[in-house]
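# Structural features, examined
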Amino acid sequence: MERGARRGAVAAGGLLAAAWRSLRERGPKDGGGPRGLARLLSCCGMGCGAWRIQGTRPFSLSAATRAILGLGRWGDDGGKKPLTLQDVAKLIRNKECRRIVVMAGAGISTPSGIPDFRSPGSGLYSNLEQYDIPYPEAIFELTYFFVNPKPFFTLAKELYPGNYRPNYAHYFLRLLHDKGLLLRLYTQNIDGLERAAGIPPDRLVEAHGTFATATCTVCRRKFPGEDFRGDVMADKVPHCRVCTGIVKPDIVFFGEELPQRFFLHVTDFPMADLLFVIGTSLEVEPFASLAGAVRSSVPRVLINRDLVGPFAWQQRYNDVAQLGDVVGGVEKLVELLGWNEEMQALIRKEKEKLDAKDK
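Here we summarise the structure given alongside this text. A quick note: this is a predicted structure, and the numbers were derived from the prediction, not measured.

Conventions and cut-offs
Residues numbered from 1 in each chain as written. Predicted model: local features only at pLDDT ≥ 70, side-chain atom pairs only at ≥ 80, totals over all residues. Heavy atoms only, no water. Helix = DSSP H or I, 4+ residues; strand = E, 2+ residues; numbered from the N terminus. Buried < 20%, exposed > 50% of the residue type's maximum accessible area, 1.4 Å probe, protein only. Areas by Shrake-Rupley, 256 points an atom, 1.4 Å probe, with all protein chains shown as cover. Core = buried A, V, L, I, M, F, W, Y, C linked by side-chain atoms within 4.5 Å. Contact = heavy atoms within 4.5 Å. Pairing = 2+ DSSP bridges. Axes fitted to C-alpha atoms, helices over the stretch in contact; angles between N-to-C directions. Salt bridge = Lys/Arg side-chain N within 4 Å of Asp/Glu carboxyl O. Parallel < 35°, antiparallel > 145°, perpendicular 65-115°, else oblique. Left-handed = near helix turned anticlockwise from the far one by under 90°. Nonpolar A, V, L, I, M, F, W, Y, C, P; charged D, E, K, R; others polar.

### A short note on the overall build of the chain
Assigned secondary structure in the chain consists of 13 helices and 11 strands. Looking at the chain as a whole, 47% of its 359 residues qualify as buried. For the chain, the exposed surface amounts to about 17800 Å²; the carbon and sulfur share of it is 53%.

Right, here's the structure in full:
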């Protein structure tokens, strides 16, 4: 499946490169020239949006096209010295970066024990095979949900807030907030661990939705998500108390609109003076494109297992990649910042709170 996606992307890239060469060689009268090139880039960029190959994740050709056609920066630094993680820590310590935006993905939650979606044998999708769903992503499609909501609520039972605890990476983000440095945290995760770590909702953008609220699929009444926790834990499909329609947690399914708060990115990213990208593959659009939305002068720091997105193919001189274990990368940054004692004190305090709550 993943190989198919790569072959599709390569094929699409070849066609786009050929189209670019053809338009470049033509004159304006023949549909080429600057206008023709602009039309091509428009189609391959925001105009066409995210493309999806059947059975794979959505992916965006807007960024890939720029790389294929030679339009990316690819490390074009104008002779400037590359930034290091130590340099970034110094910028924060010296209060030169005070409006930090964070993009977070599943990689910050797996250390809490939450399985990711796609790991063979252990991923959440693999665990749903017993329901004989046509393909894993079907549990996030409304048409399938209305036919058979059971697989989704099996997944919901696994991920419902309270089942897992925040880890070191979540508390680092909380500490950024406590120090007044966190402009916004954009998360792809639906596990609610950012809230559990004490990051207030006004600093959060839960791009793919949340279990904190739920909506009746018939009468559209809104409910606190906690109202239906008992049903979900008892393997029951929750129903509206008013009209008996199925109540769905406010998780974004394929084809549904993103939460309105997602569009805060229009103002947040131009304002940011530092971007952290932590534990995400940057594959799912439109979330992935946000990594390119900060100003070119703004440092971007990737803390991740692998190089992904623009860090792999459109590097800037002020990009920093701390690769390997996510928690280990965050620990290294905390050490460089000199925040070790504050982090340990915060973790102890929050652990005591959660312990008291669980009693």
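### Regarding the nonpolar core
One broad trend across soluble globular proteins is that nonpolar side chains are buried collectively. By size, the foremost hydrophobic cluster in this structure holds 39 residues, and its most contacted members are Ile92, Val102, Phe172, Leu173, Leu176, Phe276 and Trp339. Of the residues forming this core, the biggest block, seven residues, is contributed by helix α7 (residues 168-178). Dropping the residues within four chain positions of it, Leu173 is found in contact with Val102, Ile108, Leu182, Leu185, Ile199 and Ile278.

### Section: the environment of Thr84
Mapped onto the elements of the fold, Thr84 is located in the loop between α3 (61-68) and α4 (85-93). Each C-alpha atom of the pair Thr84 and Asn318 lies 8.1 Å from the other, and the pair is 234 residues apart in sequence.

### Structural notes on the sheet that holds strand β5 (residues 204-206)
Judged by pairing direction, the sheet is parallel, and its six strands sit side by side in the order β5-β4-β3-β9-β10-β11 without closing on themselves. The outermost strands of the open sheet, each flanked by one partner alone, are β5 and β11 (319-323). The sheet shows a mean angle of 15° between the axes of neighbouring strands, direction not considered. Contacts from α7 reach β3 (100-104), β4 (182-187) and β9 (274-278), with the element oriented near 150° to β4.

### Describing the sheet that holds strand β7 (residues 222-224)
As summarised here, the arrangement of the three strands in space is β7-β6-β8, forming an open sheet in which the pairing is antiparallel. Two strands lie at the open edges of the sheet, namely β7 and β8 (247-251), each paired on one side alone. Put simply, the sheet's adjacent strands are angled 40° from each other on average, direction ignored. Examined bridge by bridge, strand β6 (residues 209-216) and β8 share five bridges and lie antiparallel to one another. Paired with Thr210 across the strands is Asp250, a residue of β8.

### What to know about unusual backbone geometry
Here Glu285 and Pro286 are connected by a cis peptide whose omega angle stands at 5°. With respect to the element layout, Pro286 can be found in the loop between β9 and β10 (300-304). Residue Arg220 is not a glycine yet carries a positive backbone phi of 70°. Within the secondary structure, Arg220 is located in the loop between β6 and β7. With a phi close to 70°, Thr244 is a non-glycine residue in the positive phi region. Looking at Thr244, the relative accessible area reads 58%, which means it is exposed.

### Things to note about the environment of Ala212
In this structure, Ala212 sits in strand β6. Judged by relative accessible area, Ala212 falls into the partly exposed class, the value being 29%. With 38 residues separating them along the chain, Ala212 and Asp250 place their C-alpha atoms 7.6 Å apart. Ala212 has contacts with Arg195, Pro224 and Gly225, leaving out every residue within four places of it along the chain.

### Section: the pattern of salt bridges
Following the criterion strictly, the structure yields 15 salt bridges and no others. With a closest N to O distance of 2.8 Å, Arg165 and Asp355 form a salt bridge. Of this pair, Arg165 sits in the loop between α6 (150-159) and α7 while Asp355 sits in helix α13 (residues 340-358), and the two are 190 residues apart along the sequence. For Arg165, a relative accessible area of 30% puts it in the partly exposed group. Of the charged contacts, one joins Asp319 and Arg300 as a salt bridge, the two residues approaching to 2.8 Å between their closest N and O atoms. With Asp319 in strand β11 and Arg300 in strand β10, this pair connects stretches of sequence that are 19 residues apart. Judged by its relative accessible area of 11%, Asp319 falls in the buried class. On the basis of relative accessible area, Arg300 is assigned to the buried category, the value being 1%. Here the residues in one salt-bridge network are Arg174, Asp178, Glu350 and Lys353, joined through shared partners.

### Structural notes on the packing of α4 against helix α12 (residues 326-337)
Pairs of packed helices are described in terms of their axes, by the angle between the two and the distance that separates them. Here α4 crosses α12 at 50°, and the two axes come no closer than 9 Å. Of the possible angle classes, the one that applies to α4 and α12 is oblique. In the packing of α4 onto α12, the handedness of the crossing is right-handed. Along its contact with α4, which presents Leu85, Gln86, Ala89, Ile92 and Arg93, the element α12 presents Lys332, Leu333, Leu336 and Leu337. Considered class by class, the residues forming the contact of α4 with α12 number six nonpolar, one polar and two charged.

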